Amino acid sequence: MDKQKKLPNHIAIIMDGNGRWAKQRNKNRIYGHNQAKKSVKECVEYCVEHKIKFLSLFTFSTENWNRPKLEVKGLMKLLNIVIKDEINHLIEQNIKIKVIGDISKIPKKTEINLTKAIDKTKNNSGLTLILAINYSGKWDILNATKKILIDKNQIDLKIFNDNIFENYLTTANIPEPELIIRTSGEHRLSNFYLWQAAYSELFFIDILWPDFNKKELNNVIFEFQNRERRFGSL
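Residues numbered from 1 in each chain as written. Predicted model: local features only at pLDDT ≥ 70, side-chain atom pairs only at ≥ 80, totals over all residues. Heavy atoms only, no water.

**Comments concerning unusual backbone geometry**
Then step 1. The backbone of N94 shows a phi angle near 65°, a positive value even though the residue is not glycine.
Then step 2. By secondary structure assignment, the location of N94 is in the loop between α4 (69-92) and β3 (96-100).
Then step 3. You can call N94 partly exposed: its relative accessible area is 28%.
Then step 4. Its identity is not glycine, yet N134 carries a phi of approximately 50°, on the positive side.
Then step 5. Inspection of the secondary structure puts N134 in strand β4 (residues 128-135). (Helix = DSSP H or I, 4+ residues; strand = E, 2+ residues; numbered from the N terminus. Buried < 20%, exposed > 50% of the residue type's maximum accessible area, 1.4 Å probe, protein only.)

**Points about the pairing of strand β5 (residues 179-182)**
Then step 1. Burial along β5 is two-sided: the face carrying L179 and I181 and the face carrying I180 and R182 are both buried.
Then step 2. Pairing of strand β1 (residues 10-14) with β5, which is carried by 4 bridges, proceeds in the parallel orientation. Of the residues in β5, the one forming a bridge with I14 is R182.
Then step 3. One ladder, built from 4 bridges, connects β5 with strand β6 (residues 201-204); its direction is parallel. The residue bridging L179 from the neighbouring strand is E201, located in β6. (Pairing = 2+ DSSP bridges.)

Written out as structure tokens, the structure is:
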């Protein structure tokens, strides 16, 4: 990171590679997901230390329901454990939790714990930690369109624009991510932030998520700071 250059206000991460990391060690996939907690903690701490305002983590996609039932159950159980173990620390660090996605479809216990975490941190003013759970970019856009159709009689199409449309997305009032990182070497967004990523800088790195740490994040931010962002202009 170049301290003389601007830091991104919003970083989004597709946390990929837990299963492959575990397989390399002859462990089951849940072991990999469990070890990934350290990487999440390091990224959150980095953002707090450097006063980055928004961090989005693609935690569970709508497509993840297609994984083996035992793995999905383990992921939800792990999410419950992490929320309970970390909630007091999040409060101490002035971190606000926000969840995007259709959490009505996740197990009731997990939904309740997430709702409690959101309520307990709602007045915090530091980092906003956005957890994308049962989320997909297509769902977000479709869901926004449904809301617009409901409000159609109150919408003036003559002035309707992308800024108004964004108010119907789950990320309303959240700035678009300047920087999106995907670990594990895959080169795709996998249905994450399809609208919001229009002008994001994309970084696809070969490191598996459980091996990602503050140093790796710092390296990505340094490269981000040295890219020229033109937003379609010359």
